[in-house]
Amino acid sequence: TYYSKEPISMKLEGAYRIGDHYKLRFAVQRDESLELFDPDTNGLFNYEGNNYFLLFDYQPVPDSVIGITVDGFSQDKSKSQTGENQSQVTDYLSVDAYWVQGMGKLYEFRLGAQYDQITNDIRDFITASNDLNYFMDTFQLYSTVYHPFNEHMAWDVGLHVGQVEERHDYLLDDVRDEKNEGVQAKFRMGFEYSSADGLSSLQVNISLNVDDPINDPGDGGGISFHSVF
């Protein structure tokens, strides 16, 4: 495989401190159009996209902060080869408003409200009945508690309750359309083991399904390792 059109990415980042109590950070990235050619399948893959992030914090006292973040991306992809020709456009937006109390203390409390929206539009130029507009948005309220109980270890718990709407709209086959909406709730538990310098950490978490604990008690989990070097 080889690039018939080379990928180029441009990113702009900034951070500002305004007075003693305000902080602003932002990042904007543009991925220019690329083309990847596969001679074995006579296939061509195209991609271009954007990413953005904005944070604004107000810190009235050293151990407390009130802030908002805006995070999102847009991707436009297509793939064509023998027997296949599809395009996909995905957009994602997340807005999180929060209040944190007790930073650097024995217990850190966080209250917040978050809105997420994702759309995923698929066009199939061979099988048109697969053309799909997908949409999902959620508005949730959440609360978390973080407790470092020794130099290396900490636990955290969180309760998340949200209103969810999800739609599958098939443009030429509305019999397959789906719509789901309702209240979703989960209880999350996590454990963290970190190095003495705080630059590396191992995190484990699981989630329980609060809105349907009998029929569907589990709501996922994960393990991650993070290191700064």
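Keep in mind that what you see is a predicted model, and the values were worked out from it rather than measured. (Residues numbered from 1 in each chain as written. Predicted model: local features only at pLDDT ≥ 70, side-chain atom pairs only at ≥ 80, totals over all residues. Heavy atoms only, no water.)

With that out of the way, let us pick up the pairing of strand 11 (residues 200-209). As paired elements, strand 10 (residues 178-194) and strand 11 share nine bridges and run antiparallel to each other. Within strand 11, the residue paired with Glu 192 across the bridge is Gln 203. From the end of strand 10 to the start of strand 11, which pair antiparallel, there are five residues, and Gly 198 there has a positive phi angle of about 75°. (Pairing = 2+ DSSP bridges. Helix = DSSP H or I, 4+ residues; strand = E, 2+ residues; numbered from the N terminus.)

Moving on to the pattern of salt bridges. Inspection of the entire model under this criterion finds eight salt bridges. Residues Arg 167 and Asp 169 are paired through a salt bridge, measuring 3.7 Å at the closest nitrogen-oxygen approach. A residue is classified by how much of its surface remains accessible, and Arg 167, at 26% relative accessible area, is partly exposed. Taken together, the shared-partner salt bridges connect Arg 30, Glu 32 and Glu 48 into one network. (Salt bridge = Lys/Arg side-chain N within 4 Å of Asp/Glu carboxyl O. Buried < 20%, exposed > 50% of the residue type's maximum accessible area, 1.4 Å probe, protein only.)

With that settled, the discussion passes to the pairing of strand 6 (residues 84-101). By the bridge criterion, 18 bridges tie strand 5 (residues 64-81) to strand 6 in an arrangement that is antiparallel. Counterpart to Ser 78 in the pairing with strand 6 is Ser 87. A loop of two residues connects strand 5 with strand 6, the two strands running antiparallel in sequence, and Gly 83 in this loop sits at a positive phi of about 80°.

Distances and angles like these do not, on their own, reveal function.
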